[in-house]
Amino acid sequence: MTTMLHTLAAVGPMAAAWGAHSLWMRRRLTAARRDPLSGLWTREAFESRAVHTLARRPHVAVILCDLDGFKAVNDTHGHAAGDAAIRAAAGSLTDALDGRPGAVAARLGGDEFAAVVPLADPLALPWLLRGLHDEMTAPFRHAGRDLVVGASIGAALSSDLNPAAVSRPAEALATLLRL
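Along every chain, residues carry numbers that run from 1 in the direction the sequence is written. Local features in a predicted model are, by the rule used here, given only for residues with pLDDT of at least 70; side-chain atom pairs are given and counted only at 80 or more, and totals for whole chains, interfaces and linings are based on all residues. The side-chain figures draw on all heavy atoms in the structure; neither hydrogens nor water molecules are used.

1. Details of the packing of helix H2 (residues 43-56) against helix H7 (residues 169-178)
Condition: For helices, the fitted axis covers only the stretch in contact; all axes are lines through C-alpha atoms, and the angles between them, taken along N-to-C directions, range from 0 to 180 degrees. For helices the rule is a DSSP run of H or I covering at least 4 residues; for strands it is a run of E covering at least 2, with both sets numbered from the N terminus onward. Here the angle decides the label: under 35 degrees means roughly parallel, over 145 means roughly antiparallel, 65 to 115 means roughly perpendicular, and every other value means oblique. We call two residues contacting when some pair of their heavy atoms lies within 4.5 Å. All amino acids are sorted into three groups, where Ala, Val, Leu, Ile, Met, Phe, Trp, Tyr, Cys and Pro are nonpolar, Asp, Glu, Lys and Arg are charged, and the leftover types, Gly among them, are polar.
Where H2 contacts H7, the two axes come as close as 9 Å, and the packing angle between them is 110 degrees. Viewed along their axes, H2 and H7 adopt a mutual orientation that is roughly perpendicular. On the side of H2, the interface is formed by Glu47, Ala50, Val51, Leu54 and Ala55, while H7 contributes Pro169, Ala170, Leu173 and Leu176. In terms of residue class, the contact of H2 with H7 is built from eight nonpolar, no polar and one charged.

So this is what it looks like as structure tokens:
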């Protein structure tokens, strides 16, 4: 019995350290898959999650957003203002998708964003896009000023693809991102 207690006393801290290390590693891996400026998923992490959503839902909107006037904000007000525009756009995208199970958003790079959004009814897409546009073009505050960027937003529906294409979610995503 004493040997068992000594063994447990020796192994216990090691097991606790391993658990803490595993938790730390999971957090580091998640952080590496997030864009540091926007907090959204990076392209690779987005594509993995998007394929998962496409494989499980019948109607999925793939949305691409590009900020209009971003360069002017960056050039006129400085890079910190450009960073604020990116953070504001990411926050708007997150807000617009909040409460939509399975929705995934990402910053693809620069001022380009993407999202996959499962829809119960494809006819809801115009309302989703209007709400997203309104969110993304709302003024944001930087250095005591209200600044504005525009947004070009496009979308494609997975249910518009032929059934054979949808049966291969990775290829379907690539196609929908090009449309």
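2. Brief notes about the packing of aromatic side chains
The cut-off we apply is this: Only the six-membered ring of Trp is used, alongside the rings of Phe and Tyr, when aromatic pairs are assigned; centres must lie within 6.5 Å, and planes under 30 degrees apart are stacked while those over 60 apart are edge-to-face, with the rest tilted. Placement of a charge over a ring requires the Lys NZ or Arg CZ to be within 6 Å of the ring centre, with the centre-to-atom vector within 35 degrees of the ring normal.
In this structure the tally under the stated criterion is zero aromatic pairs. Of note, Arg34 hangs over the ring of Trp41, and the distance from its end group to the ring centre comes to 3.6 Å. Across the ring face of Trp41, the terminal group of Arg49 is positioned such that the distance to the ring centre comes to 3.6 Å.

3. Quick notes on the side chain of Arg107
Inclusion rule: Only protein chains enter the calculation, and the probe is 1.4 Å; a residue is then buried if its accessible area is under 20% of its type maximum, exposed if over 50%, and partly exposed in between. Any pair of N or O atoms that falls within 3.5 Å is considered a polar contact. Within protein, one atom must be able to donate a hydrogen and the other to accept it, and sequence-neighbouring residues count only if both atoms are side-chain atoms.
With respect to the helices and strands, Arg107 occurs in strand S2 (residues 104-109). We classify Arg107 as buried; its relative accessible area is 15%. Here Asp35 takes part through its side chain, which lies 3.1 Å from a polar atom of the side chain of Arg107. Once residues within four sequence positions are removed from consideration, Arg107 is found in contact with Asp35, Leu37, Ser38, Leu40, Trp41, Thr42, Arg43, Ile86, Glu112 and Phe113.

4. Describing the packing of helix H4 (residues 79-97) against helix H5 (residues 125-136)
Rules: When the near helix sits turned anticlockwise from the far one by under a right angle, the crossing is termed left-handed; a clockwise turn instead gives a right-handed crossing.
Running from amino to carboxyl end, H4 crosses H5 at an angle of 150 degrees, the nearest separation of the two axes being 8 Å. Comparing their axes, H5 and H4 come out roughly antiparallel. For the pair H4 and H5, the crossing hand works out as right-handed. Two secondary-structure elements touch here, H4 through Ala89, Ser92, Leu93, Asp95, Ala96 and Leu97 and H5 through Leu128, Leu132, Glu135 and Met136. Among the residues making up the contact of H4 with H5, the classes are represented as seven nonpolar, one polar and two charged.

5. Concerning the nonpolar core
For clarity, the cut-off: Grouping buried Ala, Val, Leu, Ile, Met, Phe, Trp, Tyr and Cys residues that are joined through side-chain atoms within 4.5 Å yields what is termed a nonpolar core.
Counting residues in hydrophobic clusters, the biggest one holds 31 residues, and the most contacted among them are Ile63, Leu67, Leu93, Phe113 and Met136. Breaking this core down by element, the ones donating at least two residues are strand S1 (60-68), helix H3 (70-77), H4, strand S3 (112-118), H5 and strand S6 (150-157). Among the elements that take part in this core, H4 stands out by supplying nine residues, more than any other. Counting residues in hydrophobic clusters, the runner-up holds 19 residues, among them Ala45, Phe46, Ala156 and Leu177.

6. Focus on the pairing of S2
The cut-off we apply is this: When DSSP finds two or more bridges between a pair of strands, those strands are recorded as paired.
Among the six residues of S2, five are classified as buried, and the element is accordingly described as predominantly covered. As defined by bridge partners, S2 adjoins S3 across five bridges and the pair is classed as antiparallel. Bridge pairing in S3 places Ala106 opposite Ala114. Counted between consecutive antiparallel strands, the loop separating S2 from S3 contains two residues, among which Gly110 sits at a positive phi close to 50 degrees.

7. Focus on the side chain of Asn74
Mapped onto the elements, Asn74 comes out in helix H3. According to the relative accessible area criterion, Asn74 is buried, its value standing at 14%. Within the local environment of Asn74, its side chain forms a polar contact with the side chain of His79, the two groups lying 3.4 Å apart. Aside from chain neighbours lying at most four places away, what touches Asn74 is His79 and Gly82.

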